[in-house]
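Examining the three-dimensional arrangement
The lines below spell out each chain.
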2 protein chains.
Amino acid sequence: MNENIKLNIKKYEEIRQRLSMYYYFMNIVYWDSATVAPKMSYIQRGNNLGMLSEDLYKIRTGEEYTKTVDFLYENKDQLDPEFRHEIELIKEDIEQTKKIPMNELIEFEKLLNESQIVWEEAKNEKDFLKFKPYLQKIVEFRRKEAKYLETDKLKGYDVLLNNYERGYTQKEYDEFFGLLKEKLVPFVKKVCAANNNKLDLNKYEYNIEKQKELAKYMGDVLCFDFSRGTMGETEHPFTWNASTNDVRITNHFYKNEFSSSLFSAIHELGHALYEQNVDPKYNDTFISGGVSMAMHESQSRFYENIIGRNYNFWKNHYPKVKELYSEQLKDVSLDDFYKYVNNVELSFIRTEADELTYPLHIMLRYELERDLISGKLEVESVEEAWNQKFKEYFGLDVPNASLGILQDSHWSGGSIGYFPTYALGSAIASQLYDKMNEEFDVEKSLDSSNTKQINEWLTNKIHKFGSSKYPKEILEEALDGKFDANHYINYLKEKYSKIYNVDK
Amino acid sequence: MNENIKLNIKKYEEIRQRLSMYYYFMNIVYWDSATVAPKMSYIQRGNNLGMLSEDLYKIRTGEEYTKTVDFLYENKDQLDPEFRHEIELIKEDIEQTKKIPMNELIEFEKLLNESQIVWEEAKNEKDFLKFKPYLQKIVEFRRKEAKYLETDKLKGYDVLLNNYERGYTQKEYDEFFGLLKEKLVPFVKKVCAANNNKLDLNKYEYNIEKQKELAKYMGDVLCFDFSRGTMGETEHPFTWNASTNDVRITNHFYKNEFSSSLFSAIHELGHALYEQNVDPKYNDTFISGGVSMAMHESQSRFYENIIGRNYNFWKNHYPKVKELYSEQLKDVSLDDFYKYVNNVELSFIRTEADELTYPLHIMLRYELERDLISGKLEVESVEEAWNQKFKEYFGLDVPNASLGILQDSHWSGGSIGYFPTYALGSAIASQLYDKMNEEFDVEKSLDSSNTKQINEWLTNKIHKFGSSKYPKEILEEALDGKFDANHYINYLKEKYSKIYNVDK
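Report follows, based on the coordinates. Sequence order as written defines residue numbering, which begins from 1 separately in each chain. Chains and ligands are labelled by the order in which they are written, letters from A for the one and numbers from 1 for the other. Only residues with pLDDT of at least 70 are given local features in this predicted model, and only at 80 or more are side-chain atom pairs given and counted; all residues enter the totals for whole chains, interfaces and linings. Remark: hydrogens and water are excluded; side-chain values derive from all non-hydrogen atoms of the structure.

When you go through chain A residue by residue, the secondary structure sums to 20 helices and three strands. The globule rule used for comparison is 2.2 Å times the number of residues to the exponent 0.38, while the radius of gyration itself is calculated over C-alpha atoms. Scaling as 2.2 N^0.38, a compact globule of 504 residues should have a C-alpha radius of gyration of about 23 Å, and chain A matches this with 23 Å. A principal-axis box enclosing the C-alpha atoms of chain A has dimensions of 70 × 50 × 50 Å. Burial classes follow relative accessibility: with a 1.4 Å probe on protein chains only, a residue under 20% of its type's maximum area counts as buried, one over 50% as exposed, and anything between as partly exposed. Looking at chain A residue by residue over its 504 residues, the buried ones come to 56%. Of the contacts formed within chain A by residues at least 6 apart in sequence, a portion of 74% connects residues at least 24 apart. Accessible surface is estimated by sampling points in the Shrake-Rupley manner with a 1.4 Å probe; for residues, cover comes only from the protein chains shown. Carbon and sulfur atoms provide 47% of the accessible area of chain A, an area that totals close to 21700 Å². His is not counted, nor are the chain ends, whereas Lys and Arg count as positive and Asp and Glu as negative. By convention, the charge on Lys lies at NZ, on Arg at CZ, on Asp at CG and on Glu at CD. Counting 67 positive and 85 negative side-chain charges, chain A places the averaged centre of each group 1 Å from the other. Only DSSP runs of H or I covering at least 4 residues are called helices, and only runs of E covering at least 2 are called strands; the numbering of each starts at the N terminus. Contacts were defined at the residue level, with two residues in contact if any of their heavy atoms lie within 4.5 Å.

In structure tokens:
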């Protein structure tokens, strides 16, 4: 490697260190604001984050950085593969950043600040009309953004999809959701028509300290490293990370619903394990952390559903739950509990949906987003379209916008193209499970006191790579083949036809 | 004001905004590390804070900033008084910063990182010898620092004292502690000889959620604004602030000691009220926040002791405590409770000491620090000196270093000159109480559901000024006179001679 390349690598690493520092502070401030900061702290926080964003933008588009990256990009054949990959990503990132005028980005940021507040009000008041003008502007910006960023290969909605999950375009998603619509919608109707005597466990109270203890127990079972992570409390659970040495999850606790905090914990722990198990050598580089949204969701859903709603898992761990809530669960057998945590029900709210009906919620959102960006659908009639589709897939009339189009914060937060990764992630999880079973008996491994064997497989196949390769590369190497949604359909039909005693 | 001054003010404000941003991020990261960050996050945090500190140092000693400050300082007569005060402070700060070689400061920072860890180990192992070499180096650095920073007026220990409480030198403190030694030590011995049947309330358990509720209730009573503040949890309670809109306290909760979290809450709320009530126009300037350590402590001690251990206060609020712990306190009358929270006892640990014996703990530390810096005492024999003085003032033999010289984190954290401000603060609180009583009947005001009248007086006399004047200026204007420790002696003798039925 010649001296000039070495010099440029050094320069790049220096600037990267500075950028990482800024991202670190942004990250910590975000955690703080989401978990503890008092209401009125927003002004100071906003001012400081605004200043930091400007600094970041200046560095990321500044001559020193861009020239260094350009030079390294031109000489990328001489870089080692992982570093080359990082430079390719950054080169693309810089080019994309430059394509959107700074003032439009700033305007959009301001719009999002407002729109989040208005959305919350509108949701409380069940009034979509209030939020509509903001959604209108968000959709307009995203349509315009798609134009700015379009390439020969990617246009329109594909550009937005690519922001969240590289390598999956409308073509792939249309196929995927087409399959779900064809195979899953009729099956869901059969399951829901079957006799369902759901246990009423919400009539009892479940001590919050014990719910926290159970979440911590799950942390131990799933091999979450508490010296490199912690658990906080927020209304909407999320996973946060600053490095492999600092990975945090949050949870919510309701006194009548112990299963809510239990499954939120398992879900978020799935995300958190991914982050903790990335090779630490990527810390503070731009190929650190989970590689994509769908890959992340595949891990959280793997733990939440495939492990966390698995009979063999609870054979081992239900005694712990029963020990904590001996009074409330005294008449609830393992079989009862298994059926309880796999209860299927057509319902309005995505985040409360069960494993089987969940992807239908996503399918609906995907179709609406896709048509909004193409212009086939306008914001003017999106609420109507939502309600019509909901009737078609779920057979239910949406009673108001809070139980319908206003339920999620994604669109008000500006995210269009994000939703489909949730369903894709669930589907990937099933295929990973099948692949894992080719290598060892996963069900049998659940007899163990923890999920170490599973974690190690996922770490070696997925986690450890961080973002050092493209998501499709990592996935296809792990699967030794292409993504195939039939694994997902089969997994769901196999499991729920047994539980509900219906035909596949 | 001429254009050049205006231009320099603008330049100064721009740099100040950037510095404030850096301080804000440091501040948030500090809060995070003290409250929630997992153990292994320290590496990333250390690296990023290190980089930020270097940036800060460069700006603070850089030509652009220092020339601007110099220019404004030379033209200070044309600045409005508050801004002039800020420039004077900053000018002094820059000059002090430049006097200590950067490499020595960095070395010292590294030493402190290590010394904190070693101190903790030494404390656990009750082994002063382990910590001694670190204390040696810390004392040496502070002696050297005193040389670097000495002026015609301030030399030796005075330089260090001035870092924590401007305007109080060894001369003042010698007088103050001399008075305590003469008047208080014999009185304490009389009180402790009196019959003391302390109630054993620690034999019961006190639900932690209810302890938190009580802390929150105290927040409301003392008029803490929860929209501009919050309460967290740490082993060692502290108050933190980033602006008047973001002031936080922490607390610890022990299931057998409800009074520990109760009085920690009141103490920290005293600090927090001060910060919340500073005029918000000073936010993000360098004259924001409480003016000095002693002034801060005067506020926390005012609330903790003068209000929080006051009979009339509990007449009003003990029913709330009793409501929460009706079972445990069913036989405890208001008079019992009052005596319980004013129990006097000679004991080893400063942070657990009562209002009356507390200043003796400080006096001991003050004398040792003073003699260490002057060279009259060497680190070699400081443990012996501690134990001798303890015997003299408390009549007790120190059984081991953890109950003696290793108990506090101040010295291991590098703070020499800090301790005396604690006692000074308590003394100031008594004098403020006497002054307040000249203007309204403080005891009567405690009949009210909250301490609004008291807060308003303190806000108008102390809080609102932030750091826009020197501490002595603010204090002497508030008192309409000089500080006089006799108020403190009289207050303590008056109160405890009654409770314990002994002569003053």
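That covers the picture; the talk isn't over yet.
Residue and element names in this part refer to chain A. Locating glutamate 109 in the fold gives a position in helix H5 (residues 102-125). Under the relative-accessibility criterion, glutamate 109 is labelled partly exposed at 47%. Note: C-alpha distance between glutamate 109 and glycine 50 (59 residues apart in sequence) is 10.0 Å.

Turning our eyes to something else, we now look at the packing of aromatic side chains. Residues and elements named next belong to chain A. Each Phe, Tyr or Trp ring, with Trp reduced to its six-membered ring, pairs with another whose centre is within 6.5 Å; inter-plane angles below 30 degrees give stacked pairs, above 60 give edge-to-face pairs, and intermediate values give tilted ones. Throughout the structure, instances matching the rule amount to 71 aromatic pairs over all chains. Here the aromatic rings of tryptophan 31 and phenylalanine 238 are separated by 5.8 Å at their centres, their planes lie at 65°, and the arrangement is edge-to-face. Residue tryptophan 31 is located in helix H1 (residues 3-35), and its partner phenylalanine 238 is located in the loop between strand S1 (229-233) and strand S2 (239-243); the two are separated by 207 residues in the primary sequence. For the pair formed by tryptophan 31 and phenylalanine 238, the shared burial category is buried.

Superposition record for chain B on chain A: RMSD 0.0 Å, screw rotation 180°, translation along axis 0.0 Å. The transformation just described matches what one would write down for a two-fold rotation axis. Minimal C-alpha distance to the rotation axis in chain B is attained by phenylalanine 25 of chain B, lying at 3.1 Å. The fraction of interface residues of chain B whose copies in chain A are also interface residues reaches 100%, indicating that both copies meet through the same surface. All copies are superposed by least squares; the fitting set is the C-alpha atoms of residues with a pLDDT of at least 70 in both.

All names here are of chain B. The pairing criterion is simple: DSSP has to find at least two bridges between the two strands. If you trace the three strands from one edge of the open sheet to the other, you get S1-S3-S2, paired in mixed fashion. Single-partner strands in this sheet number two, and they are strand S1 (229-233) and strand S2 (239-243). Taken over all neighbouring pairs, the strand axes of this sheet differ in orientation by 20° on average, direction set aside. Bridge count for S2 against strand S3 (residues 246-251) is four bridges, and the pairing is antiparallel. Following the sheet pairing, asparagine 241 is matched in S3 by valine 247. Angles run from 0 to 180 degrees between N-to-C directions of axes, and those axes are lines fitted to C-alpha atoms, restricted for helices to the stretch in contact.

A separate point is the pattern of salt bridges. The salt bridge criterion pairs a side-chain nitrogen of Lys or Arg with a carboxyl oxygen of Asp or Glu, the two atoms within 4 Å. For the structure shown, the criterion picks out 92 salt bridges over all chains. Connected via shared salt-bridge partners are Glu297, Arg301, Glu304 and Arg309 of chain A.

By size, the foremost hydrophobic cluster in this structure holds 134 residues, and its most contacted members are Phe176, Phe302, Trp314 and Ile454 of chain A. Per element, the largest residue contribution to this core is ten residues, and it comes from helix H8 (residues 170-193) of chain A. When neighbours within four sequence positions are excluded, phenylalanine 176 of chain A is seen to be in contact with Ala423, Leu424, Ala427, Phe483, Ala485 and Tyr488 of chain A. Listed in part, the 133 residues of the second largest apolar core include Tyr168, Leu184, Ile373 and Leu458 of chain B. Working definition of a nonpolar core: buried Ala, Val, Leu, Ile, Met, Phe, Trp, Tyr and Cys residues. They are joined through side-chain atoms within 4.5 Å.

Taken residue by residue, the interface counts 35 residues in chain B and 35 residues in chain A. The term buried area denotes the loss of accessible surface (1.4 Å probe radius) that occurs when two parts are joined, taken as the sum for both partners. With both sides pooled, the region where chain B packs onto chain A buries about 3100 Å², and carbon together with sulfur makes up 58% of that total. Among the residues of chain B in contact with chain A, Tyr24, Phe25 and Gln44 of chain B are the three that bury the most area, contributing 20% of the side total. Polar contacts here mean pairs of N or O atoms no more than 3.5 Å apart (in protein, one a potential hydrogen donor and the other a potential acceptor; neighbouring residues in sequence count only if both atoms are side-chain atoms). Counting every contact that joins chain B to chain A gives twelve residue pairs in polar contact (both at pLDDT 80 or more). Sorting the residues of the side of chain B that touches chain A by element identifies helix H1 (3-35), helix H2 (42-61), S1, S2 and S3 of chain B as the ones contributing at least two each.

On to the environment of arginine 301 of chain A, then. All names here are of chain A. Among the secondary structure elements, arginine 301 is positioned in helix H11 (residues 293-307). Here arginine 301 falls in the buried class, since its relative accessible area comes to 10%. In the structure, arginine 301 is positioned 128 residues away from tyrosine 173 in sequence and 19 Å away in space, judged by C-alpha atoms. Here arginine 301 is in contact with His267, Ile306, Tyr358, Ser426 and Ala429, once residues within four sequence places are set aside.

Turning to unusual backbone geometry, a few remarks are in order. Residue and element names in this part refer to chain B. The phi torsion at cysteine 223 lies on the positive side, around 65°, for a residue other than glycine. Summarising the element assignment, cysteine 223 is placed in the loop between helix H9 (208-221) and S1. Residues other than glycine seldom take positive phi values, yet asparagine 501 does so here, at roughly 55°. Here asparagine 501 lies in the segment after helix H20 (486-500). The class for asparagine 501 is exposed, based on a relative accessible area of 72%.

A separate point is the sheet that holds S2 of chain A. All names here are of chain A. Spatial ordering of the open sheet is given by S1-S3-S2, a layout of three strands whose pairing is mixed. Both edges of this open sheet fall to S1 and S2, since each of them pairs with a single strand only. Averaged over all pairs of adjacent strands, the angle between their axes in this sheet comes to 20°, without regard to strand direction. Sheet contacts for H1: S1, S2 and strand S3 (246-251); angle to S2, the most-contacted strand, approximately 155°.

A few words now on the packing of helix H2 (residues 42-61) of chain A against helix H4 (residues 81-99) of chain A. Residues and elements named next belong to chain A. It is at 10 Å that the axes of H2 and H4 come closest, and there the two elements cross at 115°. For the pair H2 and H4, the crossing hand works out as left-handed. Between H2, through Tyr57, Arg60 and Thr61, and H4, the contact on the second element is made entirely by Asp93, Ile94, Thr97 and Lys98. When residues are grouped by polarity, Ala, Val, Leu, Ile, Met, Phe, Trp, Tyr, Cys and Pro land in nonpolar, Asp, Glu, Lys and Arg in charged, and all others, Gly among them, in polar. Considered class by class, the residues forming the contact of H2 with H4 number two nonpolar, two polar and three charged. Two helices that cross are described as forming a left-handed crossing if the nearer one is turned anticlockwise from the farther one by less than a right angle, and a right-handed crossing if clockwise.

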